[in-house]
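# A look at the structure
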Amino acid sequence: MTELIIKLPDQLAQEAQRAGLLSETGIERILIAALRTDRIDRMSQAFDILEANPIPAMSPDEIQAEIDAYRAEIRSATRS
């Protein structure tokens with residue numbers, strides 16, 4: 001378990017304490033929510049990038065060629 005020491009303005013600390021946010025579970029809930037929000041934001045940014053720069057669809061032959069190349073690479077690696 002990691003222990004943290006944080007400095008907050010007095011008014012913010014008092015409000016957070018009254019709201020139950022400075023307990024271990026309160027801090028944990030805040031961090032989990034912030035991490036979830038960060039993940040969603042990063043996924044949204046990645047989606048926006050992909051939407052702005054779409055990857056052309058591969059044909060079935062191109063997909064099969066990629067699979068064959070991967071399998072050949074694996075076979076070659078296991079022989080070495």
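An account of the accompanying structure is given in this report. (Residues numbered from 1 in each chain as written. Predicted model: local features only at pLDDT ≥ 70, side-chain atom pairs only at ≥ 80, totals over all residues. Heavy atoms only, no water.)

Turning our attention to the overall build of the protein. Of regular secondary structure, the protein possesses three helices and zero strands. The order of helices and strands in the protein, counted from the N terminus, is α-α-α. A globule of 80 residues ought to have a C-alpha radius of gyration of about 12 Å, yet the protein, at 25 Å, is considerably larger. By its C-alpha atoms, the protein is 65 × 40 × 15 Å across when sized along the principal axes. The burial tally for the protein puts 2% of its 80 residues in the buried class. Carbon and sulfur atoms form 58% of the exposed surface of the protein, whose accessible area is close to 7,700 Å². For the protein, the separation between the mean place of its 9 positive charges and that of its 14 negative charges on side chains is 6 Å. (Helix = DSSP H or I, 4+ residues; strand = E, 2+ residues; numbered from the N terminus. Rg over C-alpha atoms; globule rule 2.2 N^0.38 Å. Buried < 20%, exposed > 50% of the residue type's maximum accessible area, 1.4 Å probe, protein only. Areas by Shrake-Rupley, 256 points an atom, 1.4 Å probe, with all protein chains shown as cover. Lys, Arg positive; Asp, Glu negative; His and termini not counted. Charge placed at Lys NZ, Arg CZ, Asp CG, Glu CD.)

Glancing now at the pattern of salt bridges. Overall, the coordinates contain one salt bridge when judged by the stated rule. For Asp38, the salt bridge is made with Arg42, and the minimal N-O distance between the two is 3.0 Å. On the criterion of helical spacing, the pair formed by Asp38 and Arg42 is a turn pair, its members being four residues apart in helix H2 (residues 24-52). A relative accessible area of 35% places Asp38 in the partly exposed class. (Salt bridge = Lys/Arg side-chain N within 4 Å of Asp/Glu carboxyl O.)

Tracing the backbone through its elements, the reader meets Glu73 in helix H3 (residues 60-79). Sequence separation between Glu73 and Gln17 is 56 residues, and the spatial gap between their C-alpha atoms is 58 Å.

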